[in-house]
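Single-letter residue listing:
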Amino acid sequence: MTKDTVTYRFPEGFWWGSATSATQTEGATHRDGKGKNIWDHWYEVEPSRFFQGVGPQDTSQFYERYKEDIQLMKEVGHNSFRFSISWSRLIPDGRGEVNPKGVEFYNNVIDELLGQGIEPFVNLFHFDMPMELQKIGGWANREVVDAYEAYAKTCFERFGDRVKKWFTHNEPIVPVEGGYLYDFHYPNEVDFEKAIQVGYHTVLSSAKAIRAYKQLNQGGKIGIILNLTPSYPRSNHPADLKAAKIADAFFNRSFLDPSVKGEFPEELVQILKEEGFMPIIEEDLEIIRQHTVDLLGVNYYQPRRVKAKETLPNPDAPFMPERYFDHYAMPGRKMNVHRGWEIYEKGIYDILINLKEHYGNIECFISENGMGVEGEEKFRDENGVIHDDYRIEFIQDHLKWVHRAIQEGSNVKGYHLWTFMDNWSWANAYKNRYGLVSVNLDKNGERTIKKSGKWYKTLSENNGF
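Rules behind the numbers
Residues numbered from 1 in each chain as written. Predicted model: local features only at pLDDT ≥ 70, side-chain atom pairs only at ≥ 80, totals over all residues. Heavy atoms only, no water. Core = buried A, V, L, I, M, F, W, Y, C linked by side-chain atoms within 4.5 Å. Buried < 20%, exposed > 50% of the residue type's maximum accessible area, 1.4 Å probe, protein only. Helix = DSSP H or I, 4+ residues; strand = E, 2+ residues; numbered from the N terminus. Contact = heavy atoms within 4.5 Å. Pairing = 2+ DSSP bridges. Axes fitted to C-alpha atoms, helices over the stretch in contact; angles between N-to-C directions. Salt bridge = Lys/Arg side-chain N within 4 Å of Asp/Glu carboxyl O. Left-handed = near helix turned anticlockwise from the far one by under 90°. Nonpolar A, V, L, I, M, F, W, Y, C, P; charged D, E, K, R; others polar.

A. View of the nonpolar core. Membership of the largest hydrophobic core comes to 132 residues, with the highest contact counts inside it found for Ile-85, Trp-87, Phe-159, Trp-166, Leu-296 and Val-402. Looking at this core, the element that brings in the most residues is helix 9 (residues 192-216), giving 12 residues. Setting aside anything within four residues of it in sequence, one finds Val-402 in contact with Phe-10, Phe-14, Ile-348, Leu-352, Ile-366 and Val-412.

Printed below as a string of structure tokens:
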């Protein structure tokens with residue numbers, strides 16, 4: 001592909017890169033003074049709930065191999081890279097003493113990235129609550145909001161001279177869903193009242209971190225990363241439309257509206273009042289109103305399809321958002337059979353246009369999008385290269401819609417793939433591979449650039465395809 005054969009060209013300075021998180025890549029879970037987080041703990045007590053019994057201590061060794069990995073990022077065309085800081089590596093108990101080895105590691109990573117011409121995008125919280133803070137209730141306890149604000153401030157003070165893109169949380173709805181509704185993250189509780197408290201405190205913690213950042217006048221931008229899964233109704237029947245609107249309020253607008261507009265969605269507030277789950281304190285609302293984000297990261301993998309309830313809910317069962325809608329599997333949908341997720345490329349465009357029309361066209365970027373495939377080694381050739389043409393096609397098919405949104409005025413500034421190298425996916429461990437670079441666990445984590453990685457470099461060099 002030469003410069004003149006680029007059909008889909010992106011704006012000058014577009015951010016090409018990838019995203020990852022501390023717990024999913026660093027490994028070294030008990031080394032150099034790192035404290036335990038909820039993943040370390042959960043794996044100790046229930047290792048059987050992790051695919052093939054692989055836990056967080058066995059992740060992709062970024063802690064030791066960051067130099068080699070950042071060199072590979074350069075080779076696959078990154079001009080930017082998002083990673084997260086492990087709260088329990090920096091502050092082992094979640095509050096109190098700062099771990100000098102943690103500071104040294106993140107300083108080294110930031111400096112190495114900058115030395116390779118890659119801009120660091122730093123996220124503060126990616127599902128990894130320090131265990132000492134989980135013992136007092138995690139996000140359900142208001143003290144944790146203050147501990148988080150102090151942690152965020154520590155990060156800004158230590159690294160903010162070089163880091164100019166900060167994010168308070170990644171997919172904050174996920175710890176709510178996983179930990180307090182649907183039992184796929186620790187602490188595995190099913191308690192709607194706690195779930196609401198956790199979500200509310202998370203929103204408040206984000207606003208307080210934004211306030212702390214602005215007070216330091218470091219001249220960068222601070223935002224949040226949300227998985228904005230569009231809620232599509234089964235039909236245009238009023239009951240289906242209403243179901244989709246409520247699902248959207250629960251799972252998207254619960255974080256999107258306060259982060260961008262400084263207020264909670266009216267439909268959600270109404271439901272929480274009616275059901276008796278209202279956690280709000282008046283003076284918090286002022287903090288949330290005044291400290292909205294500069295920049296929004298958008299994670300998109302799959303659509304959410306819903307329909308009106310088919311049956312009356314069991315009055316004795318725990319309260320769930322699904323009291324207001326049912327999930328709907330659209331016949332004939334295109335699937336990623338490995339992950340069990342629908343592939344619907346236009347969803348990424350619908351999100352961007354919605355942000356343009358209803359959220360002041362806030363500056364945003366695609367902060368995650370990607371395809372997890374099981375058993376990728378069957379596509380490996382005699383030179384060890386994985387031919388993942390399906391991944392190239394997946395990226396292209398989404399980028400075409402991102403490009404179209406840009407043509408229509410969307411303020412989208414970049415595209416980060418999930419992820420740079422195959423990483424540990426929480427309870428799924430290494431079941432599905434997402435990387436541009438393969439990690440061979442049988443060969444001590446040996447890295448090999450996949451076909452998609454070579455293609456991604458060309459994409460970045462040509463600023464399009």
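From this point, the narrative continues.
B. The arrangement of the sheet that holds strand 5 (residues 221-227) in detail. The parallel closed barrel is built from eight strands, whose spatial order is 1-2-3-4-5-7-12-14. Ignoring which end each strand starts from, the neighbouring axes of this sheet average 30° apart. Across four bridges, strand 7 (residues 295-299) lies against strand 12 (residues 364-368) in parallel orientation. Within the sheet, the bridge partner assigned to Leu-296 lies in strand 12 and is Cys-364. Along the sheet, helix 14 (residues 389-407) contacts strand 1 (15-19), strand 12 and strand 14 (412-417); its crossing angle with strand 14, the most-contacted strand, is approximately 170°.

C. Structural context of the environment of Ile-136. Relative to the assigned elements, Ile-136 resides in the loop between helix 6 (131-134) and helix 7 (142-159). Residue class for Ile-136 comes out partly exposed when judged on its relative accessible area of 32%. When the C-alpha positions of Ile-136 and Leu-256 are compared, they lie 28 Å apart, and in sequence the two are 120 residues distant. Those residues in contact with Ile-136, other than ones at most four positions away along the chain, are Arg-95, Asn-141, Glu-143 and Val-144.

D. Expanded view of the pairing of strand 2 (residues 80-84). Taking burial as the measure, the five residues of strand 2 include five buried ones, the bulk of the element. Burial along strand 2 is two-sided: the face carrying Ser-80, Arg-82 and Ser-84 and the face carrying Phe-81 and Phe-83 are both buried. Here strand 2 pairs with strand 3 (residues 119-123) via five bridges, running parallel. Its bridge partner being in strand 3, Ser-80 is matched across the sheet by Glu-119.

E. Fine view of the pattern of salt bridges. Applying the stated criterion to the full structure yields 43 salt bridges. A salt bridge links Arg-49 to Asp-183; the nearest nitrogen and oxygen atoms lie 3.3 Å apart. Taken together, the residues Arg-49 in the loop between helix 2 (38-45) and helix 3 (62-75) and Asp-183 in the loop between helix 8 (173-180) and helix 9 connect sequence positions 134 residues apart. Glu-310 is paired through a salt bridge with Arg-234; the nearest N and O atoms lie 3.3 Å apart. Taken together, the residues span a long stretch of sequence, with Glu-310 in the loop between strand 8 (304-307) and strand 9 (326-327) and Arg-234 in the loop between strand 6 (231-233) and helix 10 (238-260) at a distance of 76 residues. Taking the relative accessible area as the measure of exposure, Arg-234 reaches 36% and is therefore partly exposed. Through salt bridges that share partners, Glu-376, Asp-388, Arg-391, Asp-422, Arg-433 and Lys-450 make up one connected network.

F. Summary view of the packing of helix 14 against helix 15 (residues 451-462). As a packed pair, helix 14 and helix 15 sit with axes 8 Å apart at the nearest point and diverge in direction by 35°. Here helix 14 runs over helix 15; the crossing is right-handed. Of helix 15, the residues touching helix 14 (which contributes Asp-389, Arg-391, Ile-392, Ile-395, Gln-396 and Leu-399) are Lys-451, Ser-452, Trp-455, Tyr-456 and Leu-459. Broken down by class, the residue content of the contact of helix 14 with helix 15 amounts to six nonpolar, two polar and three charged.

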